[in-house]
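# What the coordinates show
Here is how the chains run, residue by residue.
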Amino acid sequence: MRKALWVLAGALALSGCKKDGAAGSEAPGVEDAGAAGLDALEATEAGAAYVVTPEKLTAYVAYQRRMLEVYGSQVKGLQGLGVLVDAGTPEAMAEVRAGLKVVEAKAKAEAEARASAGLSVADINGLAQVVTAVIGQRQLGRTLQYEDELRKLEELQQKLPPEQREELAAQVASMRRQVESFQKLTDVRREYGDANVDVVLTREDELMKNYQEMLRVFTGTRR
């Protein structure tokens with residue numbers, strides 16, 4: 001019986017349409033902003049960028065840590081729901097009701113975490129956008145290991161005869177540009193501004209730890 005699944009899906013969708021106490025999110029740290037979010041969106045479209053300050057970033061780091069606990073609990077609370085719903089058993093509806101309570105608790109916890117951090121919904125959205133762009137690219141650079149690949153390619157180039165070394169030069173130059181772009185966050189800086197990126201990088205280690213922990217939470221590999 002699929003009806004129970006649709007009930008839960010509808011509740012999840014509705015939880016993202018309310019402001020503050022009932023606000024939900026589809027991605028870690030990014031929430032439906034309501035009126036405040038619309039104002040922030042309109043400002044962005046008009047060319048005004050969100051300004052990341054050290055104070056707001058510190059508050060956001062604390063908000064992330066709190067939400068890691070909330071998301072971890074939510075994932076555990078919804079485990080096994082799909083199996084029961086697909087089975088169409090009476091237990092399925094009980095699990096759906098339990099799932100709805102988890103969603104409601106999450107929304108309340110988000111509002112409380114924002115209030116505790118002294119951040120608005122627009123702050124959370126603005127900070128999450130810049131932080132995710134910076135830390136996401138840093139993580140991608142580590143995953144792709146461009147620097148190691150460049151080093152290996154350069155070592156190979158040095159071992160080749162002069163004519164073959166010249167043939168490989170264009171490939172080495174291209175990879176060097178990629179590495180430089182990742183290291184300097186060229187594209188991110190162009191989009192969000194040097195000042196915003198530089199502030200985020202002052203807390204890179206903590207933000208990277210939170211980012212990786214969030215990935216573990218949502219992939220089910222958190223210990």
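Residues numbered from 1 in each chain as written. Predicted model: local features only at pLDDT ≥ 70, side-chain atom pairs only at ≥ 80, totals over all residues. Heavy atoms only, no water.

### Overview of the overall build of the protein chain
Convention followed: Counting from the N terminus, the helices are DSSP H or I runs at least four residues long and the strands are E runs at least two residues long. In what follows, residue pairs with any heavy atoms lying within 4.5 Å of each other are defined as contacts. The Shrake-Rupley method, run with a 1.4 Å probe sphere, supplies the accessible areas, and residue values consider only the shown protein chains as cover.
Looking only at helices and strands, the protein chain features 11 helices and 2 strands. In sequence order, the protein chain lays out its α and β elements as α-β-β-α-α-α-α-α-α-α-α-α-α. Of the contacts made within the protein chain by residues no fewer than 6 positions apart, 76% connect residues no fewer than 24 positions apart. Within the structure as shown, the protein chain displays about 13,000 Å² of accessible surface, and the carbon and sulfur contribution to it stands at 55%.

### Some thoughts on the packing of aromatic side chains
Aromatic rings in a pair are described by how distant their centres are and how their planes are angled relative to each other. Filter applied, for reference: Only Phe, Tyr and Trp rings take part, Trp by its six-membered ring, and two of them pair if their centres are within 6.5 Å. Stacked means planes under 30 degrees apart, edge-to-face means over 60, and tilted covers everything else. Only protein chains enter the accessibility calculation, which uses a 1.4 Å probe; a residue whose area is less than 20% of its type maximum is buried, one above 50% is exposed, and one in between is partly exposed.
For the structure shown, the criterion picks out 2 aromatic pairs. When the ring of Y60 is compared with that of Y63, the centres are 6.1 Å apart and the planes differ by 20°; the resulting orientation is stacked. Highlighted residues: Y60 and Y63, both in helix α3 (residues 54-78), separated by 3 residues, approximately one helical turn. The class for Y60 is buried, based on a relative accessible area of 2%. On the accessibility criterion, Y63 (1% relative accessible area) is buried. When the centroid spacing of 5.2 Å and the interplanar angle of 75° are considered together, the rings of Y146 and F182 count as edge-to-face. Here F182 lies in helix α8 (residues 162-184) and Y146 lies in helix α7 (residues 146-159), a separation of 36 residues in the sequence.

### Comments concerning unusual backbone geometry
Backbone geometry at L185 places phi at a positive 55°, although glycine is not the residue there. Overall, L185 belongs to the buried group, its relative accessible area being 0%.

### Focus: helix α10 (residues 194-201)
This is how it is decided: Think of the arc as the fan of directions from the helix axis to the C-beta atoms.
Buried within α10 we find N196, V197, V199 and V200. One face of α10 carries all of its buried residues, which in axial projection span an arc of 160°.

### Comments concerning the confidence of the model for the protein chain
To be explicit about the condition: A residue's pLDDT is the predictor's confidence in that residue, given on a scale from 0 to 100.
Residues with a pLDDT of 70 or more make up 64% of the protein chain, whose mean pLDDT is 75. Within the protein chain, helix α1 (residues 3-15) has the poorest average pLDDT of any element, 37, and α10 the best, 97. Low pLDDT (under 50) marks residues 1-47, which in the prediction has 73 contacts with non-local residues, meaning those over four places away or in another chain.

### So, the packing of α7 against α8
Our working definition: Lines fitted to C-alpha atoms define the axes, with helix axes restricted to the stretch in contact, and inter-axis angles between N-to-C directions lie between 0 and 180 degrees. Any angle that is under 35 degrees is reported as roughly parallel, and any over 145 degrees as roughly antiparallel; angles of 65 to 115 degrees are reported as roughly perpendicular and all others as oblique. Crossing handedness is defined as follows: a turn of the near helix away from the far one that is anticlockwise and smaller than a right angle gives a left-handed crossing, while the clockwise case is right-handed. Lys, Arg, Asp and Glu make up the charged group, whereas Ala, Val, Leu, Ile, Met, Phe, Trp, Tyr, Cys and Pro make up the nonpolar group; the residues left over, Gly among them, are polar.
Viewed as axis vectors pointing N to C, α7 and α8 meet at an angle of 160°, and their least axial separation amounts to 10 Å. In terms of their interaxial angle, α7 and α8 are classed as roughly antiparallel. Viewed along their axes, α7 and α8 form a crossing whose handedness is left-handed. From α7, Y146, E147, E149, L150, L153, E154, L156, Q157 and Q158 reach across to α8, where they touch R165, L168, A169, Q171, V172, M175, R176, Q178, V179, F182 and Q183. Here the residues of the contact of α7 with α8 sort into 10 nonpolar, 5 polar and 5 charged.

### Notes on the nonpolar core
We apply this condition: We define a nonpolar core as any set of buried Ala, Val, Leu, Ile, Met, Phe, Trp, Tyr and Cys residues linked to one another through side-chain atoms lying within 4.5 Å.
The biggest cluster of nonpolar side chains holds 30 residues, and the ones touching the most others in it are V52, Y60, V131, V134, I135, V200 and L207. For this core, the elements supplying multiple residues, two or more each, are α3, α5 (90-117), α6 (121-144), α9 (186-192), α10 and α11 (204-219). A total of 9 residues in this core trace back to one element, the largest contributor, which is α3. When neighbours within four sequence positions are excluded, V52 is seen to be in contact with L57, L127, V130, N196, V199 and V200.

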